[in-house]
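Observations on the model geometry
As a plain string of letters, each chain reads:
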Amino acid sequence: MTGIQEQACIDAAKRMTRVAVPVPSDISPSGSVGISYIHWPADKSKRSKNSPPLLLIHGFDSSGLEYRRLGPKLAAKGIDTYAVDILGWGFTQYDGVSSFSADSKVKALENFVNTMFGKETPFCIAGASLGGAAAIELAAVKQGVCAGLILIDAQGFVDGVGPMAKLPTPLAKLGVGVLKSIPLRNSANQMSYYDKETFATEEAQVIGRLHCLRDGWDDAMVSFMQSGGFSPSSKIPLIQSPSLVLWGRQDGILEGKEYANQFVETLPNARLVWIEECGHVPHLEQPETTASAIAEFFNSDVETQVTSVQQSQPTYLVGAGFVGALAISQVLNLLASQ
């Protein structure tokens, strides 16, 4: 973190750790992968007994540091908050991993949840930009224990990664090399914010690019691109848990009037909250407003759903106790979640 001045980033980096997560042998021959995450424990004096843990999923080729401003604010409001790195992005394990496909990413997220929270423990998911696609896929897999879905300027109705999926490996590697270039990252950084002067800084670009400098990043990105990407669109109508759609009113990447309203119309149980004076990344540009909207959703919808999930689960007696989700324009849109 040498040279980074933003205290929220420094604090988040200090909290980052890894956990070994079991995965099928076609993902890793060892049977596990190291998944990095940041945990902001809930303020116990503010936490309700029915408040589940919240999993934050970052956008395309980003990391949990994306939530450096939102995480502490959620914890202060009584929400136990985890920002997880998607397999192949962020600071996850590269060595010894055979597949970084979209399916592998979702499987690793699923088993992260099972490892950290338990297979039958209710939890809530939030996903930003392309992380919304991953969140939708995870929510579909974990129907019955997912107590809430939060979509932050999310991608969900466009499946795949476009023409990059069909590129031969040598050309794919050249294309992937462009993804971490400073000019492209700067362009994505500028596109992400409403208040560009305040937020679209050089340091924001540096933070969003840190993980790209790790050995193995290129191959992991090619693996994902050639897998075709996430396919969340058909799963959106299947999500039964309460859903909150958060959208920056001035998002210049994903048009809110089209996509935000489409989410509300397609999800069985969703409501929309607009974040004013905000672009594509409310969690970075308006973290306090975003945290307040999420906390209100928890208090009014998620905790009720947790009670319903718990009542529907069988209880087992054991001994004396109870165990209860390219063209340059496409690339810019994907990248602009830093």
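As the structure is a computational prediction, the values presented were derived from the model and not from experiment.

Focus on the overall build of the protein chain
Scanning the protein chain from terminus to terminus reveals 13 helices and ten strands. The 338 residues of the protein chain split such that 54% are buried.

So, the packing of aromatic side chains
Working definition: an aromatic ring pair is given by the centre-to-centre distance plus the angle between the planes. Summed over the entire model, instances satisfying the criterion amount to twelve aromatic pairs. On the numbers, 6.4 Å between centres and 50 degrees between planes, the contact of phenylalanine 60 with phenylalanine 224 is tilted. Here phenylalanine 60, found in the loop between strand E3 (54-57) and helix H2 (70-76), pairs with phenylalanine 224, found in helix H9 (residues 217-227); they are 164 residues apart in sequence, far enough to count as distant. Its relative accessible area of 0% is what places phenylalanine 60 among the buried residues. Aromatic pair tryptophan 247 and phenylalanine 263: ring centres 6.2 Å apart, planes at 45 degrees, arrangement tilted. Of this pair, tryptophan 247 sits in strand E7 (residues 243-248) while phenylalanine 263 sits in helix H10 (residues 256-266), and the two are 16 residues apart along the sequence. One aromatic cluster in this structure is built from Tyr37, Tyr82, Phe112, Phe117 and Phe123. The residue whose ring lies beneath lysine 105 is tryptophan 89, and the NZ or CZ to ring-centre distance is 4.2 Å.

Describing the nonpolar core
Counting 62 residues, the largest nonpolar core has Ile57, Ile125, Leu149, Met221, Phe224 and Phe263 as the members making the most contacts within it. No other element matches helix H4 (residues 130-141), which puts seven residues into this core. Excluding its chain neighbours within four sequence positions, the residues that come into contact with phenylalanine 263 are Ile136, Leu151, Ala154, Gln155, Gly156, Phe157, Ile236, Val245, Trp247 and Ala270. Listed in part, the 34 residues of the second largest apolar core include Ala12, Trp40, Ile152 and Phe297.

Looking at the confidence of the model for the protein chain
Predicted confidence across the protein chain gives a mean pLDDT of 90, with 90% of residues reaching 70 or more. Below a pLDDT of 50 lies the segment residues 315-335, which in the model reaches 49 contacts outside its immediate sequence neighbourhood of four places, other chains included.

Considering helix H6 (residues 182-192)
All buried positions along H6 are accounted for by Leu184, Arg185, Ala188, Asn189 and Ser192. Burial along H6 is one-sided: seen end-on, the buried residues are contained in an arc of 140 degrees.

Considering the sheet that holds strand E2 (residues 32-40)
Taken in spatial order, the eight strands make up an open sheet running E1-E2-E4-E3-E5-E6-E7-E8, and their pairing is mixed. Pairing within the sheet leaves two strands with one partner each, and these edge strands are strand E1 (17-22) and strand E8 (270-275). Neighbour-to-neighbour, the strand axes of this sheet turn through a mean angle of 25 degrees, independent of strand direction. Summarising the sheet, strand E6 (residues 146-152) and E7 pair through four bridges and their orientation is parallel. If you follow isoleucine 150 over to E7, its bridge partner there is leucine 244. The sheet strands contacting H4 are E3, strand E5 (123-128) and E6, and the helix crosses E5 at an angle near 150 degrees.

Some thoughts on unusual backbone geometry
Positioned with a positive phi, serine 129 is a non-glycine residue whose angle comes to about 55 degrees. Structurally, the position occupied by serine 129 is in the loop between E5 and H4. Assessed through its relative accessible area of 4%, serine 129 is described here as buried. Its identity is not glycine, yet aspartate 153 carries a phi of approximately 45 degrees, on the positive side. Following the sequence through the fold, aspartate 153 ends up in the loop between E6 and helix H5 (169-179).

Description of the packing of H6 against helix H8 (residues 202-209)
Between H6 and H8, the shortest axis-to-axis distance is 10 Å and the interhelical angle comes to 115 degrees. Considered as vectors, H6 and H8 are oriented roughly perpendicular to each other. In the crossing of H6 with H8, the sense of the turn from one axis to the other is right-handed. On the side of H6, the interface is formed by Ile182, Arg185, Asn186 and Asn189, while H8 contributes Ala204, Gln205, Gly208 and Arg209. Residue composition of the contact of H6 with H8, by class: two nonpolar, four polar and two charged.

Procedures and definitions
- Residues numbered from 1 in each chain as written.
- Predicted model: local features only at pLDDT ≥ 70, side-chain atom pairs only at ≥ 80, totals over all residues.
- Heavy atoms only, no water.
- Helix = DSSP H or I, 4+ residues; strand = E, 2+ residues; numbered from the N terminus.
- Buried < 20%, exposed > 50% of the residue type's maximum accessible area, 1.4 Å probe, protein only.
- Phe/Tyr/Trp six-rings, centres within 6.5 Å; stacked < 30°, edge-to-face > 60°.
- Lys NZ or Arg CZ within 6 Å of the ring centre and 35° of its normal.
- Core = buried A, V, L, I, M, F, W, Y, C linked by side-chain atoms within 4.5 Å.
- Contact = heavy atoms within 4.5 Å.
- pLDDT = per-residue confidence, 0-100.
- Arc of directions from axis to C-beta.
- Pairing = 2+ DSSP bridges.
- Axes fitted to C-alpha atoms, helices over the stretch in contact; angles between N-to-C directions.
- Parallel < 35°, antiparallel > 145°, perpendicular 65-115°, else oblique.
- Left-handed = near helix turned anticlockwise from the far one by under 90°.
- Nonpolar A, V, L, I, M, F, W, Y, C, P; charged D, E, K, R; others polar.

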